[in-house]
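Overview (structure and organization)
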Amino acid sequence: MLLALTAVTAGKAQKQEVFQNANELVKETQRVISIEAGQVIDTAYFRTLFLSTAHFSVVGKKDGEYTQETMGLDEFLETLTDDYYSLGYHEESTGEIVDEYNGMAQVIQSFEGVDSENETGKGVGSYQLVYSEGRWWIANMVWAMSSDDGKDIPKKYLKSN
């Protein structure tokens, strides 16, 4: 039954216009995770935005050295059920560069997020996408947070192309 429901949900999602535009698909991730306090992120729908083999990596610095943490789709979906999101969270693009060629795309996007305590975080995300089965899929996502309230984000990422 669950498999049939997932197939129906995925089938409906594939018909949506958002799956025909790489940049809109990336922005859809932000629309899904932006919720009011008490709401729940639709992780089943969020899953339909990604290949099942997608990886999520956050890059940062610790003691002056670059570090990274990578997780798979299931692990990432689990983080979306944390109180950090369920207490209310909003994220949106502040600019992006989209490059597309022969069924693959790269979207580098600056973003700003605001949590339930009105704390703001800014950063840059890199999304790799593939076009398959009549739609775009996000294959991987890598992001880094600004340590300088966005002042260190390259200007080229702060506007749309």
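That block above? That's the structure.
This write-up is about the structure you can find in this document.

**Considering the pattern of salt bridges**
Taken as a whole and assessed by the stated rule, the structure comprises five salt bridges. In the salt-bridge network here, residues are joined through shared partners; they are Glu24, Glu28 and Arg31.

**Some words on unusual backbone geometry**
The backbone of Glu133 shows a phi angle near 55 degrees, a positive value even though the residue is not glycine. The residue Glu133 is located in the loop between β5 (120–132) and β6 (135–145) in this model.

**Structural notes on the sheet that holds β5**
Strands in a sheet are paired, the pairing made by backbone hydrogen bonds, and the direction either parallel or antiparallel. Strand order in the open sheet formed by six strands is β2-β1-β6-β5-β4-β3, with mixed pairing between adjacent strands. In this open sheet, the two strands that pair with only one neighbour each are β2 (65–72) and β3 (89–101). Strand-to-strand twist across the sheet, computed as the mean angle between neighbouring axes with direction ignored, equals 20 degrees. In terms of strand pairing, strand β1 (residues 50–62) meets β6 through six bridges, oriented parallel. Bridging from a neighbouring strand, Phe56 pairs with Met141 of β6. Helix α2 (residues 22–33) rests against β1, β3, β4 (104–115), β5 and β6 of the sheet, and its axis sits at about 165 degrees to β3.

**Considering the nonpolar core**
Core analysis: the biggest nonpolar cluster contains 31 residues, and Phe46, Leu49, Phe50, Phe56, Leu80 and Leu129 have the highest contact counts within it. Those elements that place two or more of their residues in this core are α2, α3 (43–47), β1, α4 (73–79), β4, β5 and β6. Here this core gets five residues from one element, more than from any other, and that element is α2. Dropping the residues within four chain positions of it, Phe50 is found in contact with Thr29, Phe56, Leu73, Trp137 and Ile138.

**Some details on the pairing of β5**
Pairing of β4 with β5, which is carried by 11 bridges, proceeds in the antiparallel orientation. Within β5, the residue paired with Gly113 across the bridge is Gly121. Two successive antiparallel strands, β4 and β5, enclose a turn made up of four residues, where Asn118 displays a positive phi of approximately 65 degrees. With 10 bridges joining them, β5 and β6 adopt antiparallel strand pairing. The residue of β6 that forms the bridge with Gly125 is Trp143. The hairpin turn running from β5 into β6, its antiparallel successor, is two residues long, and Glu133 in that turn takes a positive phi close to 55 degrees.

Definitions and limits used
Residues numbered from 1 in each chain as written. Predicted model: local features only at pLDDT ≥ 70, side-chain atom pairs only at ≥ 80, totals over all residues. Heavy atoms only, no water. Salt bridge = Lys/Arg side-chain N within 4 Å of Asp/Glu carboxyl O. Helix = DSSP H or I, 4+ residues; strand = E, 2+ residues; numbered from the N terminus. Pairing = 2+ DSSP bridges. Axes fitted to C-alpha atoms, helices over the stretch in contact; angles between N-to-C directions. Contact = heavy atoms within 4.5 Å. Core = buried A, V, L, I, M, F, W, Y, C linked by side-chain atoms within 4.5 Å. Buried < 20%, exposed > 50% of the residue type's maximum accessible area, 1.4 Å probe, protein only.

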